Amino acid sequence: MKHFFRKKSSCQVAKDRLKILLISDRVNCSPEMMELIKTDIAKVISKYMKIDSANMEIQINAKGSRNGRGMKTPTLYANIPILDLHKQ
């Protein structure tokens with residue numbers, strides 16, 4: 001149970017921030033916008049189940065499928081740890 005409440009090391013926080021910056025640069029989405037998206041997704045899913053929002057990962061990938069005009073459409077990937085399927 002202790003591992004749920006431990007703080008991330010400054011190295012891990014810096015690594016996470018760098019990932020967000022690299023992803024946002026690739027798809028022209030600011031880090032602030034990525035955080036807003038992450039917060040909104042966590043808020044909505046939390047209505048239905050208990051999640052570990054501190055360890056969720058959100059990525060926008062520019063390597064999505066091609067649309068009708070031959071352009072690649074960005075794709076959103078979310079890795080959200082579910083702690084309990086029933087809202088308590």
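K.L.:
Can you explain the overall build of the protein? Please cite residues and give values.
P.N.:
What the protein contains, in helices and strands, is two helices and four strands. Traced from its N-terminal end to its C-terminal end, the protein shows the element sequence α-α-β-β-β-β. Here the protein holds 88 residues, and the buried ones make up 16% of them. Residue pairs at least 24 apart in sequence account for 44% of intrachain contacts in the protein once pairs closer than 6 positions are excluded. For the protein, the computed accessible surface area is about 7,300 Å², with 56% contributed by carbon and sulfur atoms.

K.L.:
Tell me what's going on with the environment of Arg-17, and back it up with residues and numbers.
P.N.:
Topologically, Arg-17 is positioned in helix α1 (residues 10-27). Measuring from C-alpha to C-alpha, the distance between Arg-17 and Pro-31 comes to 8.4 Å, with 14 residues separating the pair along the chain.

K.L.:
Requested: an account of the side chain of Lys-38, with residues and values cited.
P.N.:
On the secondary structure map, Lys-38 appears in helix α2 (residues 31-46). No salt bridge is formed by the buried Lys-38. Its closest oppositely charged neighbour is Glu-35, at 4.7 Å. Contact partners of Lys-38, with chain neighbours within four places excluded, come to Ser-53, Met-56 and Ile-58.

K.L.:
Summarise the pairing of strand β2 (residues 57-61); cite the residues concerned and give the values.
P.N.:
On a regular strand, each side chain points to the face opposite its neighbour's, so the side chains alternate between the two faces of the sheet. Where burial is concerned, the two faces of β2 differ: the one with Ile-58 and Ile-60 is buried and the one with Glu-57, Gln-59 and Asn-61 is not. Where β2 meets strand β3 (residues 75-79), five bridges bridge the pair, whose relative direction is antiparallel. Along β3, the bridge assignment pairs Ile-58 with Ala-78.

K.L.:
Break down the confidence of the model for the protein for me, with residues and values.
P.N.:
Reading predicted coordinates in detail is not appropriate for stretches of low pLDDT. Of all residues in the protein, 65% attain a pLDDT of 70 or more, and the chain-wide mean is 77. Per-element averaging of pLDDT across the protein places α1 at the bottom with 70 and strand β1 (residues 50-51) at the top with 93.

How each quantity is defined
- Residues numbered from 1 in each chain as written.
- Predicted model: local features only at pLDDT ≥ 70, side-chain atom pairs only at ≥ 80, totals over all residues.
- Heavy atoms only, no water.
- Helix = DSSP H or I, 4+ residues; strand = E, 2+ residues; numbered from the N terminus.
- Buried < 20%, exposed > 50% of the residue type's maximum accessible area, 1.4 Å probe, protein only.
- Contact = heavy atoms within 4.5 Å.
- Areas by Shrake-Rupley, 256 points an atom, 1.4 Å probe, with all protein chains shown as cover.
- Lys, Arg positive; Asp, Glu negative; His and termini not counted.
- Salt bridge = Lys/Arg side-chain N within 4 Å of Asp/Glu carboxyl O.
- Pairing = 2+ DSSP bridges.
- pLDDT = per-residue confidence, 0-100.

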